Amino acid sequence: MPEDSEKEDYSDRTISDESDEDNFMKFVSEDSHRCALLTADSISDPFFPRTTQILLEYQLGRWVPRLREPRDLYGVSSSGPLSPTRWPYHCEVIDEKVQHIDWTPSYLEPVYTPTGLEMEPLYPNSKEDTVVYLAEDAYKEPCFVYSRVGGNRTPLKQPVDNYDNTLTFEARFESGNLQKVVKVAEYEYQLTVRPDLFTNKHTQWYYFQVANTQAGIVYRFTIINFTKPASLYSRGMRPLFYSEKEAKAHNIGWQRIGDQIKYYRNNQGQEGCHYFSLTWTFQFPHNKDTCYFAHCYPYTYTNLQEYLSTISHDSVRSKFCKIRVLCHTIARNMVYVLTITTPLKSTDSRKRKAVILTARVHPGETNSSWIMKGFLDYILGDSSDAQLLRDTFIFKVVPMLNPDGVIVGNYRCSLAGRDLNRNYTSLLKESFPSVWYTRNMIRRLMEKREVILYCDLHGHSRKENIFMYGCDGSDRCKALYLQQRIFPLMLSKNCPDKFSFSACKFNVQKSKEGTGRVVMWKMGIRNSFTMEATFCGSTLGNKRGTHFNTKDLESVGYHFCDSLLDYCDPDQTKYYQCLKELEEMEKHINLEKILEYSDTSLKEMTLDLESSSRGSDSSESNESQTYLLKLTSQIKSKKKHLKTKKERNSTIASHQNTREEQEACDKGRLVQRHRESNSDVKDS
């Protein structure tokens, strides 16, 4: 049953009415225990309604009625097992539960540098090749029919016997994806990944098990049915590898591996569709080991449920983090919504503004779950800044929008065979329940309080770094044009070696009008973003040329909180500083356009600006982004650790005394312009 998440305002509902005391007391003895509870249903007096939702609690010598706490719904109970995962009935699932240790390497993992000698294997169809793994269960139905716990209950078929020197493969576990494996040589294997269920496309995510390994042997693996012409594998990205023996013996988890890595177009195209191959070589560290390969760090639906279970069992965190079920998916898996805030007093229940975060609408973008985990770890922590954020805002968090797709190992779609992030405008509640209920929850929330920021977390398969997509407000209201760029600019200053402001884009394409970002913006949320995290790594600062690990991704969640404090700081010095930067960037863009129109050399213009004492950047990501990086690096925030509101104000005050005379005029002008902009926004 869908839960109206706005009910968790945590207001005190204790009722105290002296005239009712006699009516309550005649049903209980005066020596009742101090903590005794009765339900109103046990009282036969007609004065009081028959209900199990009102409890009578004995406090300070009198019985006081109060509402019962909301139920622990559908598998998030602090007692009892987690709700089991449900699969399409025809999906074969092994009994073994796959688990990995949480580990981060102490060293930077560099991207692969091509040598120019990489091979491009092409495999003609041959009847002599041995099929060592085949998953045909995905094609038994053309569309979703019904689900069951554990999937197909019939005995699993093993494709081949366990040959002495042949690797064995498996992917029939949660989030696994592998369709077919052909042994083409003694130590060479051709792999095919499965498209999203009930579609014939979106072959990107892979995650599979390899056993019966031999150490010291150079194996070659080639995945032959990717569909994207451009890939981060062409820019040095390496596959991920996990060894159970390494984890047990040395406590080593997922690590980047591979040599002879090559991404190339092959000859497997059909009906005008071209396919692309990824090939790599590797030597396993142990004999008879069980290992895994993956496109990105796995984060399953079971991982999420276990994480939420630890919160519900925590006596401290469960007080300010309420976990409810937003809705059920079409496979009857649960979509959770978290409400995070300090318990509200009735007097300030409407004063707090709301912040909304969602993730995993695309199931193969697991990096978004690691950013979400970092955000939740921080916001639920015991630091003074986390407490300040909980005191200031109400956070509504949907950590996994597409659990069905996550469970079956899809890359992009739900079990409806559609991209949920193109259906936020759909009225088909039964086909797209998670986005329908998310949109409805946000709409009802906006009726009661201001939502200052919405952010949907994603992964990106073709670009490095972390960046944001926003919505261009220039057509609706000129005042929004710069203001909605302030938060991403602050985030780039707080996270300079991971977040690239120059890669951010602020526009609304026709094909993106059904995305959460655009729909929430049109509903009236000024700061509506999609945050994109690369599957590879960074080209910035000390992280340049290296892969992101899980701790890097989690740190982005922390920096998101840091930037939120900067953005909403009562002393808006940083806010106006960023606004001033963006104005300078806009001037630069306009000047560039004038000079380009008059056939003036762009190179000469850039040199002039760089030599000027008032150099500026471009806030428009499509133009002059290189210049933006130069300016941002010069004006980066000098803050080295997160500060509370008191520390921020005292620091700003000490600096402001020395700069007051120079900036008084500029700030006054910006404040006046900001007020005028806000009035324009309200009129709009």
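If you're wondering where the values come from, they're calculated on a predicted model, not measured in any experiment. (Residues numbered from 1 in each chain as written. Predicted model: local features only at pLDDT ≥ 70, side-chain atom pairs only at ≥ 80, totals over all residues. Heavy atoms only, no water.)

Colleague: Just give me the short version of the packing of aromatic side chains, but keep the residues and values in it.
Modeller: This structure, assessed with the given rule, holds 44 aromatic pairs. Residues tyrosine 206 and phenylalanine 208 carry aromatic rings whose centres are separated by 6.2 Å and whose planes lie at 40° to one another, so their mutual orientation is tilted. In this structure, tyrosine 206 and phenylalanine 208 share a single accessibility class: buried. Measuring from centroid to centroid gives 6.4 Å for tyrosine 301 and tyrosine 336, while their planes differ by 20°, and the two rings are stacked. You can see tyrosine 301 sitting in helix 3 (residues 301-313) and its partner tyrosine 336 sitting in strand 18 (residues 334-340), a full 35 residues away along the chain. Given the relative accessible area of 2%, tyrosine 336 is considered buried. Here the guanidinium or amino end of lysine 429 rests over the ring plane of tryptophan 436, the centre of that ring lying 4.8 Å away. Above the ring of phenylalanine 467, the side-chain terminus of lysine 463 is found at 4.3 Å from the ring centroid. (Phe/Tyr/Trp six-rings, centres within 6.5 Å; stacked < 30°, edge-to-face > 60°. Buried < 20%, exposed > 50% of the residue type's maximum accessible area, 1.4 Å probe, protein only. Helix = DSSP H or I, 4+ residues; strand = E, 2+ residues; numbered from the N terminus. Lys NZ or Arg CZ within 6 Å of the ring centre and 35° of its normal.)

Colleague: Provide a residue-level description of helix 3, including the pertinent values.
Modeller: End to end, helix 3 covers 18 Å across 13 residues, agreeing with the expected 18 Å (1.5 Å per residue, within 8%). Those residues of helix 3 that fall on the buried side of the exposure criterion are Tyr301, Leu304, Gln305, Tyr307, Leu308, Ser309, Ile311 and Ser312. Here the buried face of helix 3 lies against helix 4 (317-320), strand 17 (321-328), strand 18, helix 5 (367-379) and helix 7 (403-408). (Expected span 1.5 Å × (residues − 1). Contact = heavy atoms within 4.5 Å.)

Colleague: Which residues make up the packing of helix 6 (residues 384-392) against helix 12 (residues 550-567), and what values do they have?
Modeller: Between helix 6 and helix 12, the shortest axis-to-axis distance is 11 Å and the interhelical angle comes to 60°. Here helix 6 is positioned oblique relative to helix 12, judged by the angle of their axes. Helix 12 is crossed by helix 6, and the crossing has left-handed handedness. Packed against helix 6, whose contacting residues are Asp385, Leu388 and Leu389, the element helix 12 presents Cys561, Leu564 and Leu565 at the interface. Residues that form the contact of helix 6 with helix 12 fall into these classes: five nonpolar, no polar and one charged. (Axes fitted to C-alpha atoms, helices over the stretch in contact; angles between N-to-C directions. Parallel < 35°, antiparallel > 145°, perpendicular 65-115°, else oblique. Left-handed = near helix turned anticlockwise from the far one by under 90°. Nonpolar A, V, L, I, M, F, W, Y, C, P; charged D, E, K, R; others polar.)

Colleague: Summarise the packing of helix 10 (residues 486-494) against helix 12; cite the residues concerned and give the values.
Modeller: Between helix 10 and helix 12, the least distance of the axes is 9 Å, while the angle of their chain directions is 125°. It follows that helix 10 is oblique to helix 12 by the angle criterion. Pair helix 10 / helix 12 crosses with right-handed handedness. Contacts between helix 10 and helix 12 involve Ile486, Phe487, Met490, Leu491 and Asn494 from the former and His559, Phe560, Asp562, Ser563, Leu564, Asp566 and Tyr567 from the latter. For the contact of helix 10 with helix 12, a count of residues per class yields seven nonpolar, three polar and two charged.

Colleague: Give a detailed account of unusual backbone geometry, specifying residues and quantitative values.
Modeller: Backbone geometry at phenylalanine 198 places phi at a positive 65°, although glycine is not the residue there. Note on placement: phenylalanine 198 falls in the loop between strand 9 (188-192) and strand 10 (207-211). In this model, asparagine 251 sits at a positive phi of 55°, which is unusual for a non-glycine residue. Within the element layout of this structure, asparagine 251 appears in the loop between helix 2 (244-250) and strand 13 (255-256).

Colleague: Can you explain the sheet that holds strand 20 (residues 393-398)? Please cite residues and give values.
Modeller: With mixed pairing, eight strands are arranged side by side in an open sheet as 17-18-20-19-21-24-22-23. Each edge of the sheet is formed by a strand with only one pairing partner; in this case those strands are strand 17 and strand 23 (505-506). Bridge count for strand 22 (residues 466-470) against strand 24 (residues 528-534) is four bridges, and the pairing is antiparallel. Bridge assignment links isoleucine 466 to a residue of strand 24, and that residue is alanine 533. Contacts between helix 5 and the sheet are confined to strand 18, strand 19 (353-359), strand 20, strand 21 (451-460) and strand 24, with strand 21 contributing the most and set at about 140° to the helix. (Pairing = 2+ DSSP bridges.)

Colleague: Describe in detail helix 5, supporting the description with residues and values.
Modeller: Taking 1.5 Å of rise per residue, the 13 residues of helix 5 would be expected to cover 18 Å, and the 19 Å separating its terminal C-alpha atoms lies within 8% of that figure. Burial runs high along helix 5: twelve of the 13 residues are buried. For helix 5, the full list of buried residues reads Asn367, Ser368, Ser369, Trp370, Ile371, Met372, Lys373, Gly374, Phe375, Leu376, Tyr378 and Ile379.

Colleague: Tell me about empty space enclosed by the protein, residues and numbers included.
Modeller: Remark: the empty space left among the atoms is shown by a probe the size of a water molecule rolled over them. All told, the structure shown has five cavities of 30 Å³ or more when counted by the stated rule. The computed volume of the largest cavity comes to approximately 170 Å³. Among the residues making up the lining of the largest cavity, the classes are represented as ten nonpolar, two polar and four charged. Put simply, the second largest cavity is a space of about 70 Å³. Among the elements of the structure, helix 7 and helix 8 (433-448) are those that each provide at least two residues to the lining of the second largest cavity. Looking at the lining of the second largest cavity residue by residue, the class counts come to seven nonpolar, five polar and one charged. (1 Å grid on protein atoms, 1.4 Å probe; cavity = no way out; pocket = protein on both sides within 12 Å on 5 of 7 lines; lining within 4 Å. Points joined across faces, edges and corners; volume = space filled by probe spheres on them.)

Colleague: Give a description of the sheet that holds strand 8 (residues 180-185) that names residues and reports values.
Modeller: If you trace the six strands from one edge of the open sheet to the other, you get 5-8-9-11-15-14, paired in mixed fashion. In this open sheet, the two strands that pair with only one neighbour each are strand 5 (130-134) and strand 14 (259-265). Averaged over all pairs of adjacent strands, the angle between their axes in this sheet comes to 20°, without regard to strand direction.

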